[in-house]
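Here are the chains, one letter per residue:
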Amino acid sequence: MIDLSSFKSDDAGEGRLSLASLILFVVIACLVASDLVADYGEGSGMAHLVAEGFVLLLALSGAVLLWRRLQAARAAVSSLRSDLSAAQAEASSWRSENEQVLRGLGAAIEAQFRRWELTGAEQEVALLLLKGLGHKEIAALRSTSERTAREQARAVYRKAGVSGRAALSAFFLEDLLLPMAAERPGA
């Protein structure tokens, strides 16, 4: 499963920045409003009062826009969390329904990796490639450079005798998909 903690910290930081900006706009609006009231009481000129009124409107508009943005972001996060929970539940259900098949497939994949004489690191990279991760993601998960992940992937392809990621996946999936095609009428 992919680690989402880096996304959470980015979203939290952006949320705090938006909230701080909203508070700043509200404070500015309050300060301008109090200055406007004081200036009006002192009999300031109309041009000055209009200018400060315009600044007050700008500050309030900024606060309203940021408030709406925060509400939309919260709704989006809530929707994404709901979608993620549904996807995780579906994946968990699928895994439990197919646990025995997955265990057998995992053992078959490991046996094939041994036949190809992949190193431990190459086996790990190969599994991550089969899961659909890119070189950058693999490097981040394994705490290596992207170049190292790329070179290990090339070693896997060379030892497996395949041309790339799609061919590696096809090596394992092709036989799984054949029985389904044979069962269909007219196939």
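Structure: above.
Residues numbered from 1 in each chain as written. Predicted model: local features only at pLDDT ≥ 70, side-chain atom pairs only at ≥ 80, totals over all residues. Heavy atoms only, no water.

### With respect to the overall build of the protein
Per the secondary structure count, the protein includes seven helices and zero strands. For the protein, the N- to C-terminal ordering of α and β elements is α-α-α-α-α-α-α. For the protein, the residues scored as buried account for 24% of the 187 residues in total. Excluding contacts between residues fewer than 6 apart, the proportion of contacts in the protein whose partners are at least 24 apart in sequence is 56%. When the accessible surface of the protein is totalled, it reaches about 13200 Å², and 62% of it is carbon and sulfur. (Helix = DSSP H or I, 4+ residues; strand = E, 2+ residues; numbered from the N terminus. Buried < 20%, exposed > 50% of the residue type's maximum accessible area, 1.4 Å probe, protein only. Contact = heavy atoms within 4.5 Å. Areas by Shrake-Rupley, 256 points an atom, 1.4 Å probe, with all protein chains shown as cover.)

### Comments concerning the packing of helix α4 (residues 120–130) against helix α6 (residues 146–160)
Packing of α4 against α6 leaves a shortest axis separation of 9 Å and a crossing angle of 90°. Our classification of the angle between α4 and α6 gives roughly perpendicular. Residues Ala121, Glu122, Val125, Ala126 and Leu129 of α4 form the contact with α6, whose own contacting residues are Ala149, Gln152, Ala153, Ala155, Val156, Tyr157 and Lys159. Its residues assigned to classes, the contact of α4 with α6 shows nine nonpolar, one polar and two charged. (Axes fitted to C-alpha atoms, helices over the stretch in contact; angles between N-to-C directions. Parallel < 35°, antiparallel > 145°, perpendicular 65-115°, else oblique. Nonpolar A, V, L, I, M, F, W, Y, C, P; charged D, E, K, R; others polar.)

### Considerations on the pattern of salt bridges
Under the definition given, this model contains five salt bridges. The partner of Glu99 in a salt bridge is Arg103, and the shortest N-O contact between them spans 3.1 Å. Taken as a pair, Glu99 and Arg103 lie in helix α3 (residues 99–116) at a separation of four residues, close to a single helical turn. Arg103 sits in the exposed class, given a relative accessible area of 53%. Taking the shortest distance from any N to any O, the salt bridge between Glu151 and Arg154 comes out at 2.7 Å. With a gap of three residues between them, Glu151 and Arg154 both fall in helix α6, about one helical turn apart. On the accessibility criterion, Glu151 (40% relative accessible area) is partly exposed. (Salt bridge = Lys/Arg side-chain N within 4 Å of Asp/Glu carboxyl O.)

### Overview of a nonpolar patch on the surface
Side chains of Leu19, Ile23, Val27 and Leu31 sit close together on the surface and give an oily, nonpolar patch of about 350 Å² of accessible area. Along the chain, Ile23 turns up in helix α1 (residues 5–41). (Patch = residues over 30% accessible without salt bridge, like charges linked within 9 Å, V, L, I, M, F, W, Y side chains within 5 Å.)

### Side note on α6
An α-helix turns once every 3.6 residues. As a result, residues three or four positions apart point the same way. In this model, α6 (15 residues) spans 21 Å end to end at C-alpha, consistent with the 21 Å of a helix rising 1.5 Å per residue. Of the positions making up α6, those classed as buried are Ala149, Gln152, Ala153, Ala155, Val156, Tyr157 and Ala160. Downstream of α6 by a residue or two, Gly161 has a phi angle that is positive, lying close to 70°. (Expected span 1.5 Å × (residues − 1).)

### Considerations on the side chain of Asp39
For Asp39, the location among the structural elements is in helix α1. Notably, Asp39 is buried but unbridged: the nearest opposite-charge side chain belongs to Arg68, and the N-O separation is 28 Å. Within the structure, the side chain of Asp39 is placed 2.6 Å from the side chain of His48, a separation counted as a polar contact. Those residues in contact with Asp39 that sit more than four places away from it in its chain are Ser44, His48, Leu49 and Glu52. (Lys, Arg positive; Asp, Glu negative; His and termini not counted. Polar contact = N/O pair within 3.5 Å; in protein donor to acceptor, adjacent residues only side chain to side chain.)

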